[in-house]
Amino acid sequence: MGVFKDAEQLYQCIAGMMEICSEDQAMGGKIREAELVIRFVYSDPDSQITVDAKNPAPHGYFTVYRGENDLEPEVVMEMKADVAHRFWLGKVNLVSALTRGEMKARGPIPKIMKLLPAIKPAFAIYTRHLQNLGYQDLLA
Amino acid sequence: MSDYWQFYLPTRIIAGPGTLQDLPEHILASEHRRVFLITDRVLRQNGIVDKVVSVLKGVEMAGIFDEVTPDSEVALVEKAARLAGETGADYLLAVGGGSCIDTAKAVNLVLSRGGNLRDYEGFGQINTPLGPMAAIPTTAGTGSEVTQYALILDKQNHYKITFLSPYLAPALAILDPELTISMPPGLTAATGMDALGHAVESFVSTSTGPLARGLATEACELIFRNLPRAVAAGDDLAARLAMLLASNLAGIAFSNALVGCAHALAHALGALREVPHGVAVGLMLPHSIRFNSRQEPDPYRELTCRLFGSTAGGEMLADMITRLLQECNLPYRLSQLGLAEDDLPAVAGSASVDGAMYTNPRLADAEDLLVILQSAY
Ligand SMILES: [Fe+2]
């Protein structure tokens, strides 16, 4: 079994962290400027999160959708949920993961690369968020 | 070196003077016979294409596409794929430098799969074998004849789309030095420095591994010994073959281990100021090495040990490369390229988000890269 016991826990952790980021002016602002709709498709557990920085809801710089939806993403990233977890802990080199096939990506990759420096603060936010949720075991 | 690495090489490599003659045998052995040749006008005019076609006995020539430009772009690939499809070709043959070979790889993708080239943009989008393809390099630098990459310019959005898949690598590469002797000294020098960049950067990349390091070391040795000879005497077949091998070995190394900072800067210089890739890589290499070596441990120490029996590391390697640039009459300062100092911040910004930065052995942001560029100005 992977890190997350079910999709619900994954949403709580990863989508929850993204929602916190969506209200962060420095990070959210830069992601908003990219005007990108990006979908993360996870396996084990099967789940998906779509980030809409093109037409965000009135609150926040972008909107985070849990589960399937009709949005048309410009970029789709596919990976095991465990890879996503390690990525948000700051432990995965995106380019290496893409070239090794641990992550698959469809669409204009440079737009994602451009966002990487901006999302660095999210790694610390993710760790804090897991601690606040009482998931210390996931940080081990 | 990371604690995890992979290595993959799907290409049969045949090297040596006159090995072009082996081409038809290998095409026929693949049970395909309708060949579509992809090349550029220069090679069509200087007789190289004729030389290749003349050896293709028993093979049907379905067509020749000679419109490849130095920066091949999406529309050109789709045009070539359409023409190849109309001729009923079932085997692609690339004859030329990196742009010709990358074009043929992308044509192979569209021809084998259909649709538009952009449908396959991304990583991990090509997961089953494509049609057979052979590559015959006429420059010695990109290593494209063995890499799993194809870089194609997206003119609308001003960037090069990277296509990456083991299935893009040609099934066959023929390294025949007789096809590179007509390459002029300037192009010989610049493409050779590109190969050196692949070798040095893959040796210290965060994704490197023992196989990549072995190949990169051998490539560096061959280049230091043979590039000045190949530049000075174009008809020196031994030096030409050594450079083709070096480019090939470095190509296998970086196809697996990726590159770093000098390539990120070269990509930006190419995109913003049209500096030829090899010229830019060569020029940025010593400065990138100096920057990366200012940390403990110096990532180049192992390489200078293997190459020169010295633990001097980055400073020494950078000096050796600067000397090589001068010996090959290549520019070694950005000011020699007519760049204004005001151009540098934009170059640094663009390079800082280049994919090659993520396997560089030292973290560098746009400010660090600007300092590197200023040191090279
Ligand atoms: Fe290169």
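Residues numbered from 1 in each chain as written. Chains lettered and ligands numbered in written order. Predicted model: local features only at pLDDT ≥ 70, side-chain atom pairs only at ≥ 80, totals over all residues. Heavy atoms only, no water.

Would you mind going over the overall build of chain A with me for this structure?
Counting its regular elements, chain A contains six helices and five strands. Secondary structure elements of chain A occur, N-terminal to C-terminal, as α-α-β-β-β-β-α-α-β-α-α. Compactness check: chain A gives a C-alpha radius of gyration of 14 Å against a globular reference of 14 Å for 140 residues, within 12% of the reference. Taking the principal axes of the C-alpha coordinates as reference, chain A spans close to 35 × 30 × 30 Å. The buried share among the 140 residues of chain A stands at 50%. Within the structure as shown, chain A displays about 6,700 Å² of accessible surface, and the carbon and sulfur contribution to it stands at 49%. (Helix = DSSP H or I, 4+ residues; strand = E, 2+ residues; numbered from the N terminus. Rg over C-alpha atoms; globule rule 2.2 N^0.38 Å. Buried < 20%, exposed > 50% of the residue type's maximum accessible area, 1.4 Å probe, protein only. Areas by Shrake-Rupley, 256 points an atom, 1.4 Å probe, with all protein chains shown as cover.)

How should I be thinking about the domain arrangement of chain B in this particular structure?
Reports often express the size of an interface as the amount of accessible area lost when the parts come together. Residue and element names in this part refer to chain B. If you check the domain split of chain B, you get domain 1 (12-179) and domain 2 (185-376). Distance between the C-alpha centres of domain 1 and domain 2: 26 Å. Across the boundary between the two partners, domain 1 contributes 19 residues, which contact 19 residues of domain 2. Taken together, the two surfaces of domain 1 and domain 2 that pack against each other cover about 1,600 Å², and 67% of this comes from carbon and sulfur. Seen at the junction of domain 1 and domain 2, the total is zero salt bridges. Run the count over domain 1 and domain 2 and you get five residue pairs in polar contact (both at pLDDT 80 or more). Each residue belonging to the side of domain 1 that touches domain 2 can be placed in one class, and the counts come to nine nonpolar, seven polar and three charged. (Domains from an automatic or database assignment. Contact = heavy atoms within 4.5 Å. Buried area = accessible area lost by both parts, 1.4 Å probe. Salt bridge = Lys/Arg side-chain N within 4 Å of Asp/Glu carboxyl O. Polar contact = N/O pair within 3.5 Å; in protein donor to acceptor, adjacent residues only side chain to side chain. Nonpolar A, V, L, I, M, F, W, Y, C, P; charged D, E, K, R; others polar.)

What's the story with the coordination of the iron ion in this structure? I'm lost.
Put simply, the ideal angle at a metal is 109.5 degrees for four donors in tetrahedral geometry and 90 or 180 degrees for six donors in octahedral geometry. All names here are of chain B. For the iron ion, the full set of protein donor atoms is D194 (OD), H198 (NE2), H263 (NE2) and H277 (NE2), at a range of 2.1 to 2.2 Å. In this structure, the iron ion is coordinated by four donor atoms arranged in irregular fashion, with angles at the metal of 85 to 169°. In the primary sequence, the donor residues of the iron ion line up as D-x3-H-x64-H-x13-H. Linking D194 in helix α6 (residues 185-204) with H263 in helix α9 (residues 261-273), this pair joins segments that are 69 residues apart in sequence. The two residues D194 and H263 agree in class, both being buried. (Donors = N, O, S within 2.8 Å, 3.2 Å for Na, K, Ca; no water. Tetrahedral: all angles 85-135°; square planar, octahedral: opposite > 155°, others 65-115°.)

Is there a simple way to think about the pairing of strand β2 (residues 47-52) of chain A in this case?
Residue and element names in this part refer to chain A. Burial runs high along β2: six of the six residues are buried. Of the two faces of β2, the one lined by S47, I49 and V51 and the one lined by Q48, T50 and D52 are each fully buried. Where strand β1 (residues 37-43) lies against β2, six bridges are found, and the strand directions are antiparallel. Within β2, the position partnered with I38 by the bridge is V51. Following β1, the chain reverses through three residues before pairing antiparallel with β2; D44 in that reversal takes a positive phi of roughly 55°. (Pairing = 2+ DSSP bridges.)

What am I meant to see in helix α12 (residues 314-327) of chain B here?
The α-helix advances 3.6 residues per turn, and as a result positions three or four apart in sequence lie on the same side. Residue and element names in this part refer to chain B. For α12, spanning 14 residues, the distance from its first C-alpha to its last is 20 Å, which sits close to the expected 20 Å at 1.5 Å a residue. Residues of α12 that are buried: G314, L317, A318, I321, T322, L324 and L325. Looking straight down α12, one finds that the buried residues subtend no more than 160° of arc, so they occupy a single side. α12 presents R323 and E327 as exposed residues on the side facing more than 90 degrees away from its buried surface. Buried residues belonging to α12 abut α6, α7 (210-232), α10 (277-293) and α11 (301-308). A positive backbone phi angle near 55° is found at N329, which sits one or two residues after α12. (Expected span 1.5 Å × (residues − 1). Arc of directions from axis to C-beta.)

Sorry, what's going on with the interface of chain B and chain A here?
Residue-level contacts link 20 residues of chain B with 17 residues of chain A. Buried surface at the junction of chain B and chain A, summed over both partners, amounts to about 1,600 Å²; 61% is from carbon and sulfur atoms. Summed over the three residues of chain B that lose the most area to chain A, namely F123, V353 and Y358 of chain B, the buried surface amounts to 38% of that side. Remark: the boundary between chain B and chain A carries zero salt bridges. If you look at where chain B meets chain A, you find six residue pairs in polar contact (both at pLDDT 80 or more). Elements represented by at least two residues in the side of chain B that touches chain A include exactly β5 (122-123) and β8 (159-164) of chain B. Class assignment of the residues belonging to the side of chain B that touches chain A gives a composition of eight nonpolar, ten polar and two charged. Two elements, strand β5 (residues 103-106) of chain A and β5 of chain B, share two bridges in a ladder whose sense is antiparallel.

What should I look at first to understand the packing of aromatic side chains in this one?
Remark: the centre distance and the inter-plane angle together describe each pair of aromatic rings, the angle taken between the planes. For the coordinates displayed, the defined rule picks out six aromatic pairs over all chains. Ring geometry for F87 of chain A against F123 of chain A: centres 5.7 Å apart, planes inclined by 90°, an arrangement best described as edge-to-face. Taken together, the positions of F87 of chain A in helix α3 (residues 81-88) and F123 of chain A in helix α6 (residues 121-132) put the pair 36 residues apart, joining distant regions of the chain. For the pair F224 of chain B and F308 of chain B, a centre-to-centre distance of 5.5 Å together with 70° between the ring planes defines the contact as edge-to-face. Taken together, the residues span a long stretch of sequence, with F224 of chain B in helix α7 and F308 of chain B in helix α11 at a distance of 84 residues. On the basis of relative accessibility, which here comes to 17%, the residue F224 of chain B falls in the buried class. Accessibility expressed as a relative area gives 26% for F308 of chain B, which makes it partly exposed. Ring pairs connect the aromatic residues F87, W88 and F123 of chain A, which therefore count as one cluster. The side chain of R362 of chain B reaches across the aromatic face of F291 of chain B, ending 3.9 Å from its centre. (Phe/Tyr/Trp six-rings, centres within 6.5 Å; stacked < 30°, edge-to-face > 60°. Lys NZ or Arg CZ within 6 Å of the ring centre and 35° of its normal.)

Would you mind showing me how to read the sheet that holds strand β4 (residues 91-96) of chain B here?
Backbone-to-backbone hydrogen bonds pair the strands of a sheet. The strands run either parallel or antiparallel. Residue and element names in this part refer to chain B. The six strands are arranged β1-β9-β6-β4-β2-β3 in an open sheet whose pairing can be described as parallel. Bordering the open sheet on either side are β1 (12-15) and β3 (60-65), each of which pairs with just one other strand. For this sheet, the mean angle separating the axes of adjacent strands, direction not counted, is 20°. (Axes fitted to C-alpha atoms, helices over the stretch in contact; angles between N-to-C directions.)

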